[in-house]
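Each chain, written out:
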Amino acid sequence: MHRTRTMAWTSSARWKSGWFKWWGACARSVEPQRPRALREAGGRGMIMLSGYRWTLEKKEGGGTVYTSDERFDREVKPWAVCLPGGAPLIRHAVKEGDFHGARWAMMCRATDYAKKTIVDVARYCVQAGWPVIHFDQEVSGNYAASVCYSDQHGHPVGHGKWAHEAMADLYKRIRETCAPLDPDFALSMEEPNELYLQQLNLCQERPFGITTEWPCRKPETRSAPLFMYLYHDYLVGWAAFYPWKAGGHSAEVVAKGFTAGQMPGLTPIGPADAEQDPALAEMMENCMKAYRTYALDYLLFGRMLEPPPIDAPDRKLQLGNQGETTVPAVWHSAWRAPDGRIGVALANSLEKEQGLKLDLTPLLPAGASAKVVYKTLADETPLAGLTVEVKVPARSLALVEMTIAGL
Ligand SMILES: [Zn+2]
């Protein structure tokens, strides 16, 4: 029935190849020893639930085939999303190896059956030591897949705002059940949605990407961290996943993701191993060190501001079958920390340091003065004036920090 995937992040500054291999090994398992090992390393484990999907048929390892038709007919069918006329909606894979399986139905989100099933799974996972529950594959609320024509489920037949109210109620129930079980409990969903800000702590999102892969659209769409600009102080986005959507430039998307205020996400699929992709490993390690120290008050706890003008060259990147794109030599973003300090995060993904000029004036109230300090992993340097020139070290994240006089 419900499929789960596991993932993990650690507060350790160093992402070792062993982590990636370990993560691959623990996929599809919720055994308590896995999250325990993570906690001992300073990290927390996340379980990804496959939304409201009820898998009817899926190939398993070793040539076996999982089926749940009998249980579906006996127990689930009355609560499944219905087509006009009342028959359950059954979806079929259109490609071999579809991660959904060969056939699946959807539990109707308005039903107590769906809510209770998902809350029970979430409770089980949190009790097993996984404090982060992620509701996956119901992208941004997935309204289109929720419209149900049953007249037996207690919701209006067909379209209506009931679909979002039902999801909000599910999240509320997950929180009420799981938050008391673990002080580190957090709730996440795939792709952000304003309607669930009050229930969520995290959301999986993709503004780190530099390609036109989904959710961007060819030929020219590029992702921008608009949701984080509006709502970062309400919930934190995490990248899904590095090095995806990189077009072969994995360190580049790490730079863009951190400056967008995202926590890192990693996957066992692809060249995520440090030996296979040393640029990704170096960028990730250096960004994590900055994220945990001088950048934390901004990139995690801060409110995103309009970025100030920057004087640095652009670069063209070839993206394979995704064409080409233009990126800045240094990614930058501006933030206000909870105590009023203002920081400009600067991420350089290249193997050489990059010089740039930054005009800080728009970030200050008219007539205000500020003490300006430039912070890198190596040192801190006072800067004079509000038009500053700095060099961002290779494959790292630096910070220009302003403390406004009188604060
Ligand atoms: Zn329904």
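Parameters at a glance
- Residues numbered from 1 in each chain as written.
- Predicted model: local features only at pLDDT ≥ 70, side-chain atom pairs only at ≥ 80, totals over all residues.
- Pairing = 2+ DSSP bridges.
- Helix = DSSP H or I, 4+ residues; strand = E, 2+ residues; numbered from the N terminus.
- Axes fitted to C-alpha atoms, helices over the stretch in contact; angles between N-to-C directions.
- Contact = placed C-beta atoms within 7 Å.
- pLDDT = per-residue confidence, 0-100.
- Core = buried A, V, L, I, M, F, W, Y, C linked by C-beta atoms within 7 Å.
- Buried ≥ 20, exposed ≤ 12 C-beta atoms within 10 Å, placed from the backbone.
- Right-handed = clockwise from strand over helix to strand, strands pointing away.
- Left-handed = near helix turned anticlockwise from the far one by under 90°.
- Nonpolar A, V, L, I, M, F, W, Y, C, P; charged D, E, K, R; others polar.

Engineer: Can you walk me through the sheet that holds strand β5 (residues 90–92) in this structure?
Structural biologist: For sheets, the rule is that strands pair by backbone hydrogen bonds, running either parallel or antiparallel. Strand order in the open sheet formed by four strands is β4-β3-β6-β5, with antiparallel pairing between adjacent strands. Taken across any chain shown, the strands that pair with only one partner, and hence form the sheet edges, are β4 (65–67) and β5. In this sheet, adjacent strand axes meet at a mean angle of 25 degrees when their direction is disregarded. One ladder, built from four bridges, connects strand β3 (residues 53–59) with strand β6 (residues 103–106); its direction is antiparallel. Residue pairing for β6: W54 is matched across the bridge by A105. Packing of helix α3 (residues 69–76) onto the sheet brings it into contact with β3, β4 and β6, and relative to β3 it is tilted by some 165 degrees.

Engineer: When you look at the confidence of the model for the protein chain in this model, what are you seeing that I'm missing?
Structural biologist: Here the protein chain shows a mean pLDDT of 87. Residues at 70 or above account for 89%. Every residue in residues 268–272 is under pLDDT 50, and counting partners more than four places away or in other chains gives 16 contacts.

Engineer: Can you walk me through the nonpolar core in this structure?
Structural biologist: Inside soluble globular proteins, nonpolar side chains tend to come together where they are buried. One finds A80, I133, V254, C287 and A345 to be the most contacted residues of the largest nonpolar core, which totals 95 residues. For this core, the element with the most residues is helix α8 (residues 278–292), which contributes eight residues. What V254 contacts, discounting residues up to four positions off in sequence, is Y242, L280, M283, M284, C287 and S349.

Engineer: Sorry, what's going on with the sheet that holds strand β19 (residues 380–383) here?
Structural biologist: Spatially, the six strands line up as an open sheet ordered β11-β15-β16-β21-β18-β19, and their pairing is antiparallel. Among the strands making up the open sheet, the edge pair consists of β11 (303–305) and β19. Along the sheet, successive strands turn relative to each other by an average axial angle of 30 degrees, direction set aside. In this fold α8 packs onto β16 (342–348) and β21 (396–404), with an angle of close to 20 degrees to the strand it touches most, β21.

Engineer: Explain the environment of G86 here, please?
Structural biologist: Of note, G86 is situated in the loop between α3 and β5. Residues G86 and Q152, spaced 66 residues apart in sequence, show a C-alpha to C-alpha distance of 9.3 Å.

Engineer: Sorry if this is basic, but what is going on with unusual backbone geometry here?
Structural biologist: The phi angle of most residues is negative, glycine excepted, and most peptide bonds adopt the trans form. Residue W214 is joined to P215 through a cis peptide bond whose omega torsion reads 10 degrees. Looking at the secondary structure, you find P215 in the loop between β9 (202–205) and α6 (226–231). Even without glycine at this site, S140 takes up a positive phi of about 60 degrees. Relative to the helices and strands, S140 is located in the loop between β7 (132–135) and α5 (162–178). Owing to 17 C-beta atoms within 10 Å, S140 belongs among the partly exposed residues under this scheme. Of note in this structure, K245 is not a glycine but carries a positive phi near 60 degrees. You can see K245 is positioned in the loop between β10 (236–239) and α7 (250–259).

Engineer: When you look at the pairing of strand β8 (residues 186–190) in this model, what are you seeing that I'm missing?
Structural biologist: Looking along a regular strand, one sees the side chains alternate between the two faces of the sheet. Most of β8 is tucked away, with four of its five residues classed as buried. What joins β7 to β8 is α5, and the crossover it makes is right-handed. Direction of pairing for β8 relative to β9: parallel, over a ladder of three bridges. Across the sheet, residue M189 finds its bridge partner in β9, namely C203.

Engineer: What's the story with the packing of helix α4 (residues 112–127) against α5 in this structure? I'm lost.
Structural biologist: Relative placement of two packed helices is described by the angle separating their axes and the distance separating the axes. Interhelical geometry of α4 versus α5 gives an angle of 35 degrees and a closest axis separation of 9 Å. The interaxial crossing formed by α4 with α5 has right-handed handedness. Along its contact with α4, which presents K115, I118, V119, A122, R123 and V126, the element α5 presents D169, L170, R173, I174, T177 and C178. Partitioning the contact of α4 with α5 into residue classes produces seven nonpolar, one polar and four charged.

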